[in-house]
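Spelled out from the first residue to the last, the chains are:
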Amino acid sequence: MSRSGPVLITGCSSGVGHAAAKLFRAAGFETFATARDPAALDDLRALGCHVLALDVTDEEARRAAVSAVEREFGAVGVLVNNAGYGQYGPLEEISLDILRRQFETNVFGGLRLSQLVLPGMRRAGAGRIVTVSSVAGRVAVLGGGAYHASKFALEALADALRPEVEPFGVKVVNVLPGPIATNFEATLLKSIPDGGEDSPYAAFRKNLARRMHEFLDPRGFGVMTAEHVARVVLKAATAARPRTRYNVGFLARFGPLGRALTPDRIVDFVTRRDVSGRGG
C-alpha cells in the first residue's frame, strides 16, 4: 500500500491506538489520530499527526471525522478501529443499558465507521479496514461475558464483511492480541458494577478484580506492550497480502486451541475455582 495514504485511527489517547499513530506517522502515512478529548493527543500532533475529536458512539462526530479525511485526500486509505473498553462483572448484575454502551463502543462504532469509509474506498478501488479485536473474541470466561460478547461480534462481522467488500479492492483484517499492559485494567476494574455487600456476587467481584489485576500485570506471562501490538497493526495495514487475522502473543496464538481441546466442564471448573468466592 502507498505510504502516503491517509490512515484514520480511533482510540488514540493511550495504549495501542496511541502507539499505532506514532508508528504510522513514522512510516510516512498521513495519520489522523482521534480521541474523545483531543487534548490527550498533543504529543501526536507534535509528531505531525492530524488530530480530531471523535467519540465513536456519536454519529455526527463519526461523519465529521471521515469527512475531514475525505476533504483533503478523497478517501480513507486505512481505517483502524481500535477504540474500545472492557466491561466486566457478573452478567446478572450488568444492566441492559451497560451492555448497550459496551456494544455501542466496541461494535457499532467501528462498524458504522466502516460503513462511512467504504464508499470512498470503493471509488478509489482500494482500502483496508483493520480492527483491533482480542483473543477474548475467541475464548470466553466467566466475569467477562459482556466484553467477550462484543469481541465475538467483531469476529463474526469481519467474517461476513471481508468477502462482501473484497471485490471492490478493500481488505478486512482483524488483529487479536492477548493481554496488554495498558490502562485497560483501570477502566476494566471501574466497569464492574457495585452490587453492594449483600450481593451474592460480592466475593466473586473481589476475586475477579484480583484475577484480572494479575492477568494484566506487565510482568505476567504473555503480557505484551502496546507498542508490540501496534507493530502488528501496522503490518496488517501494509502487507500486500495480509492474513485475515493476526493473533498476537502466546496466549492469543495457543489459547483458542487449548480451549477447543478442553471439555467445557473442565474449563468451567478451573475458572470457577480461580475466580469464584469458593476458589480458595
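Quick summary incoming for the structure in this document.

The subject of this paragraph is the overall build of the protein chain. The number of helices and strands found in the protein chain is 10 helices and 7 strands. For the protein chain, the C-alpha radius of gyration of 19 Å lies close to 19 Å, the compact-globule estimate for 280 residues. Its C-alpha atoms give the protein chain principal-axis dimensions of roughly 60 × 40 × 35 Å. Taking as baseline every contact in the protein chain between residues at least 6 positions apart, the subset at least 24 positions apart corresponds to 69%. Total accessible area on the protein chain stands at roughly 13,500 Å², and carbon and sulfur atoms take up 54% of it. Of the charged side chains in the protein chain, 35 are positive and 28 negative, and the gap between their average positions amounts to 7 Å.

On to a nonpolar patch on the surface, then. Together, Phe221, Phe250, Phe254, Leu257 and Leu261 make up an exposed nonpolar region whose accessible area comes to about 580 Å². Tracing the backbone shows Leu261 in helix H9 (residues 250–261).

Once that is clear, we can look at helix H1 (residues 15–26). With 12 residues, H1 extends 17 Å between its outermost C-alpha atoms, agreeing within 8% with the 16 Å of an ideal straight helix rising 1.5 Å per residue. For H1, the complete set of buried residues consists of Gly15, Val16, Gly17, His18, Ala19, Ala20, Ala21 and Phe24. In this fold, the buried residues of H1 make contact with strand S1 (7–9), strand S2 (31–35), helix H2 (42–46), strand S4 (78–81) and helix H8 (226–238). Backbone geometry just downstream of H1 places Gly28 in the positive-phi region, at approximately 100 degrees.

Counted under the stated rule, the structure contains 0 disulfides. No disulfide involves Cys12; its sulfur sits 7.6 Å from the nearest other cysteine sulfur, which is in Cys49. Of the residues examined, Cys49 reaches a relative accessible area of 5% and is grouped as buried.

Taken as a whole and judged by the stated rule, the model has 5 aromatic pairs. The interplanar angle of 75 degrees and the centroid separation of 5.3 Å between the aromatic rings of Phe24 and Phe29 together place this pair among those described as edge-to-face. Like Phe29, Phe24 is buried. For the ring pair Phe32 and Phe73, a centre distance of 6.0 Å and an interplane angle of 90 degrees mean the geometry is edge-to-face. Of the two residues, Phe32 is situated in strand S2 and Phe73 in helix H3 (residues 59–73); the sequence distance between them amounts to 41 residues. Judged by its relative accessible area of 3%, Phe32 falls in the buried class. Between the NZ or CZ atom of Arg122 and the centre of the ring of Phe168, over which it lies, the distance is 5.6 Å.

Packing of helix H4 (residues 96–124) against helix H5 (residues 145–165) brings their axes to within 9 Å, and their N-to-C directions diverge by 15 degrees. Of the possible angle classes, the one that applies to H4 and H5 is roughly parallel. Seen along the crossing, H4 lies across H5 with a hand that is right-handed. Where H4 abuts H5, its residues Leu99, Gln102, Phe103, Asn106, Val107, Leu111 and Leu118 lie against Ala146, Tyr147, Ala149, Ser150, Lys151, Ala153, Leu154, Leu157, Leu161 and Val165. A per-class count over the contact of H4 with H5 returns 13 nonpolar, 3 polar and 1 charged.

Counting 34 residues, the largest nonpolar core has Ile9, Phe24, Val80, Val130, Val175 and Val233 as the members making the most contacts within it. With 8 residues, the top contributor of residues to this core is H8. Counting 23 residues, the second-largest nonpolar core is a separate cluster that includes Ala61, Val66, Ala158 and Val170.

Strand order in the open sheet made by the 7 strands is S3-S2-S1-S4-S5-S6-S7, with parallel pairing throughout. In the strand order of this sheet, the two ends are held by strand S3 (50–53) and strand S7 (245–248), each with one partner. Taking each pair of neighbouring strands and ignoring which way they run, the sheet shows an average axis angle of 15 degrees. By the bridge criterion, 4 bridges tie S2 to S3 in an arrangement that is parallel. Note on S3: the bridge partner recorded for Ala33 is Val51.

A word on the pattern of salt bridges. In the structure shown here, the tally under the stated rule is 12 salt bridges. The closest approach of N and O atoms between Arg45 and Asp42, which form a salt bridge, is 3.5 Å. Of the two residues, Arg45 and Asp42 are both situated in helix H2; the distance of 3 residues between them amounts to about one turn of the helix. Residue Arg45 is classed as partly exposed on the basis of its relative accessible area, which comes to 44%. In this structure, Glu59 and Arg112 form a salt bridge, with 2.9 Å as the shortest nitrogen-oxygen distance. Placement of Glu59 in helix H3 and of Arg112 in helix H4 is noted, with a sequence separation of 53 residues between them.

The rules behind these values
- Residues numbered from 1 in each chain as written.
- Predicted model: local features only at pLDDT ≥ 70, side-chain atom pairs only at ≥ 80, totals over all residues.
- Heavy atoms only, no water.
- Helix = DSSP H or I, 4+ residues; strand = E, 2+ residues; numbered from the N terminus.
- Rg over C-alpha atoms; globule rule 2.2 N^0.38 Å.
- Contact = heavy atoms within 4.5 Å.
- Areas by Shrake-Rupley, 256 points an atom, 1.4 Å probe, with all protein chains shown as cover.
- Lys, Arg positive; Asp, Glu negative; His and termini not counted.
- Charge placed at Lys NZ, Arg CZ, Asp CG, Glu CD.
- Patch = residues over 30% accessible without salt bridge, like charges linked within 9 Å, V, L, I, M, F, W, Y side chains within 5 Å.
- Salt bridge = Lys/Arg side-chain N within 4 Å of Asp/Glu carboxyl O.
- Expected span 1.5 Å × (residues − 1).
- Buried < 20%, exposed > 50% of the residue type's maximum accessible area, 1.4 Å probe, protein only.
- Disulfide = S-S within 2.5 Å.
- Phe/Tyr/Trp six-rings, centres within 6.5 Å; stacked < 30°, edge-to-face > 60°.
- Lys NZ or Arg CZ within 6 Å of the ring centre and 35° of its normal.
- Axes fitted to C-alpha atoms, helices over the stretch in contact; angles between N-to-C directions.
- Parallel < 35°, antiparallel > 145°, perpendicular 65-115°, else oblique.
- Left-handed = near helix turned anticlockwise from the far one by under 90°.
- Nonpolar A, V, L, I, M, F, W, Y, C, P; charged D, E, K, R; others polar.
- Core = buried A, V, L, I, M, F, W, Y, C linked by side-chain atoms within 4.5 Å.
- Pairing = 2+ DSSP bridges.

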